Amino acid sequence: MPSLPQERVRLVIDEMGFMKTPDEDETSNLIWYDSAVQQEKIAELQNYQRINHFPGMGEICRKDFLARNMTKMIKSRPLDYTFVPRTWIFPAEYTQFQNYMKELKKKRKQKTFIVKPANGAMGHGISLIRNGDKLPSQDHLIVQEYIEKPFLMEGYKFDLRIYILVTSCDPLKIFLYHDGLVRMGTEKYIPPNESNLTQLYMHLTNYSVNKHNERFERDETENKGSKRSIKWFTEFLQANQHDVAKFWSDISELVVKTLIVAEPHVLHAYRMCRPGQPPGSESVCFEVLGFDILLDRKLKPWLLEGQWEGRIQDEKKQSLHKREHLSRVFKTVESRINRAPSFGTDQKIDYDVKRGVLLNALKLLNIRKRDSLRYESRSQRKNTKIDTWGIIGNFCLSDSYCRRIYPPEDKTLLEKYENLLAVAFQTFLSGRAASFQRELNNPLKRMKEEDILDLLEQCEIDDEKLMGKTAKPRGPKPLSAMPESSEIMKRQKYSSSDSSPGSGSSSSESEDSEERRAPQ
């Protein structure tokens, strides 16, 4: 029996006119995994196939990895990354945390901290503390400053589940779905004090926690109950004279900046899986992500965590690593279909929102039978022009709830993001350089001279690109180098569309005239 989230995915697939192919069929157009995908699988895919995970995305989907990578960016660009609560990773930063606690005591200040298991989920193992003396020094934990003044709705604390679609990492393309879920606590909120630190129904907004409270309200409408829609929430903001445009702008910026942190890791891992694939080629990977965001009383968004979409609700089932292949029917059954937030739908509001997320994602991917046919007979179809559908401008065809947020149309904002990408790559490359130095200092590790020279040459190329210089031609190095500049990418793109038999673009590629290449 398929798990509940798998069944919901299958219902949407059926609605799109897709059908499941046998597991042994390796020609499916779209492949859906409930768990992480082995890099070997991505390397084996044909250019027309699509799989629902990027390699390397775990760098922002595990609490400890997210905290580590955010800390590095905060050191370089502190004014751009103010949406992450102050964080310590145990055991490595245990001493720093205790020193911070001593400073608070000297100033006679007291703060509340939220403690989470480094690789936990669904609210398991979370607690609130005001005294860090008894925290274990060797446990793998994430400790964050608790946001004590959240924006309240009807007296309850809540968070937002925002859905994101990444269709490409080379170049980076991000879409924001303008609906999602509002998950509310089930006890009226009171700022933390010694007597209420253990009242998790008050302080935690996790659905997996609050559904066990007898006060949890299930309702079939989107404007009542303990779980509501973001569509309704934006109408609530507008009715109360809040700036809705600024709200979405702030959310979009938080999402893009977070994915910029992941981009060097994802791009490097993707190129390792797909060596020799030219920059700007259609991506065989995509990812639906869920961002959990808290609003403070000034409506400033704070990132709680990011998750990959498609996770099974019962985490014990993840060990089964079930694989689902889904394909689309075109006269003959020939065309071929998380990281985490679950696609489980135990309420109507869940089904309505998640159905919209999946439908828009699949339409943006624009998977068609002719993709595989073109690949199979490309030598006979060199001049065939493939029509596309699914996008009008920056919006999904089905409705106006899906919008491209990277690359943005605003040139000033794009330049800002490109600068952040350069910093992210610089940080990533400096980390690789440190690893390389450790390798050289390890007497048990023997590297051939040509390997060392090759790596040094590649680092030189990377440094030249980071500084905006034109790299001297030394032969293709697709795995470690930053992406090409926007102008080079455009020339390659236009050239490939004229001469490459497999260059028919998807709907998300139909925005050639609007999209820019970021210096990733």
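What counts and what doesn't
- Residues numbered from 1 in each chain as written.
- Predicted model: local features only at pLDDT ≥ 70, side-chain atom pairs only at ≥ 80, totals over all residues.
- Heavy atoms only, no water.
- Helix = DSSP H or I, 4+ residues; strand = E, 2+ residues; numbered from the N terminus.
- Expected span 1.5 Å × (residues − 1).
- Buried < 20%, exposed > 50% of the residue type's maximum accessible area, 1.4 Å probe, protein only.
- Polar contact = N/O pair within 3.5 Å; in protein donor to acceptor, adjacent residues only side chain to side chain.
- Pairing = 2+ DSSP bridges.
- Axes fitted to C-alpha atoms, helices over the stretch in contact; angles between N-to-C directions.
- Parallel < 35°, antiparallel > 145°, perpendicular 65-115°, else oblique.
- Contact = heavy atoms within 4.5 Å.
- Nonpolar A, V, L, I, M, F, W, Y, C, P; charged D, E, K, R; others polar.
- Core = buried A, V, L, I, M, F, W, Y, C linked by side-chain atoms within 4.5 Å.
- Salt bridge = Lys/Arg side-chain N within 4 Å of Asp/Glu carboxyl O.

An unreviewed UniProt entry lists the chain under the name Tubulin polyglutamylase TTLL7, with Camelus dromedarius as the source organism.

Quick look at helix α10 (residues 348-365) now. Compared with the 26 Å implied by 1.5 Å per residue over 18 residues, the 26 Å span of α10 between its first and last C-alpha is a close match. For α10, the buried fraction is high: 13 of the 18 residues fall into the buried class. Positive phi appears at Asn-366, one or two residues downstream of α10, with a value of about 55°.

Mapped onto the secondary structure, Arg-183 falls in strand β9 (residues 172-184). Judged by its relative accessible area of 10%, Arg-183 is buried. Looking at Arg-183, its side chain comes within polar contact range of the side chain of Asp-159, at 2.8 Å. Polar side-chain contacts of Arg-183 include one of 3.2 Å to the side chain of Asp-292.

It is worth spelling out the pairing of β9 at this point. On any regular strand, side chains alternate: one points to one face of the sheet, the next to the other face. Among the 13 residues of β9, 13 are classified as buried, and the element is accordingly described as predominantly covered. Across 11 bridges, strand β8 (residues 158-169) lies against β9 in antiparallel orientation. The partner of Ile-162 across the bridge, within β9, is Gly-180. Counting the residues between successive antiparallel strands, the hairpin from β8 to β9 contains two residues.

Close contact between helix α4 (residues 63-76) and helix α9 (residues 244-273) brings their axes to 10 Å; oriented N to C, the two are set at 100°. The orientation of α4 with respect to α9, classified from their angle, is roughly perpendicular. Listed contacts from α9 to Leu-66, Asn-69, Met-70 and Met-73 of α4 are Thr-258, Val-261 and His-265. Residues of the contact of α4 with α9, tallied by class, amount to four nonpolar, three polar and no charged.

With that settled, the discussion passes to the nonpolar core. Counting residues in each nonpolar core, the largest one holds 66 residues, and the members touching the most others are Ile-162, Ile-164, Phe-233, Leu-259 and Phe-291. Tallying contributions element by element places α9 first for this core, with 15 residues. Core analysis: the second largest hydrophobic core is formed by 25 residues, Val-288, Val-353, Leu-358 and Leu-362 among them.

Let us look at the packing of helix α8 (residues 230-239) against α9. The contact between α8 and α9 brings their axes to 9 Å, and the two run at 135°. By the angle class used here, α8 and α9 are oblique. Facing α8, whose interface residues are Ile-230, Phe-233, Thr-234, Leu-237 and Gln-238, α9 presents Val-244, Phe-247 and Trp-248. When its residues are assigned to classes, the contact of α8 with α9 shows six nonpolar, two polar and no charged.

Read from one edge to the other, the open sheet built from four strands follows the order β4-β7-β5-β6, with strand pairing classed as antiparallel. Bordering the open sheet on either side are β4 (87-89) and β6 (127-129), each of which pairs with just one other strand. Between one strand axis and the next, the sheet turns through 25° on average, direction left out of account. Of the pairings in the sheet, the one linking β4 to strand β7 (residues 141-145) comprises three bridges and is antiparallel in character. Among the inter-strand pairings, Thr-87 is bridged to a residue of β7, identified as Gln-144.

A few words now on the pattern of salt bridges. For side chains bearing opposite charge, pairing can occur when the charged atoms are close. For the structure on display, the rule yields 22 salt bridges. Put simply, Asp-292 and Arg-161 hold a salt bridge, and the shortest N to O gap is 2.5 Å. With Asp-292 in strand β11 (residues 287-295) and Arg-161 in strand β8, the pair connects residues that are 131 residues apart, well separated along the chain. Under the relative-accessibility criterion, Asp-292 is labelled buried at 6%. Its salt-bridge partner being Asp-170, residue Arg-271 comes within 3.3 Å of it at the nearest N-O pair. You can see Arg-271 sitting in helix α9 and its partner Asp-170 sitting in the loop between β8 and β9, a full 101 residues away along the chain.

This part covers α8. Three or more residues of α8 are buried, namely Ile-230, Trp-232, Phe-233, Thr-234 and Leu-237. Where the residues of α8 are buried, they touch β8, β9, β10 (227-229), α9 and β11. One or two positions beyond α8, positive phi appears at Gln-241, with a value near 60°.

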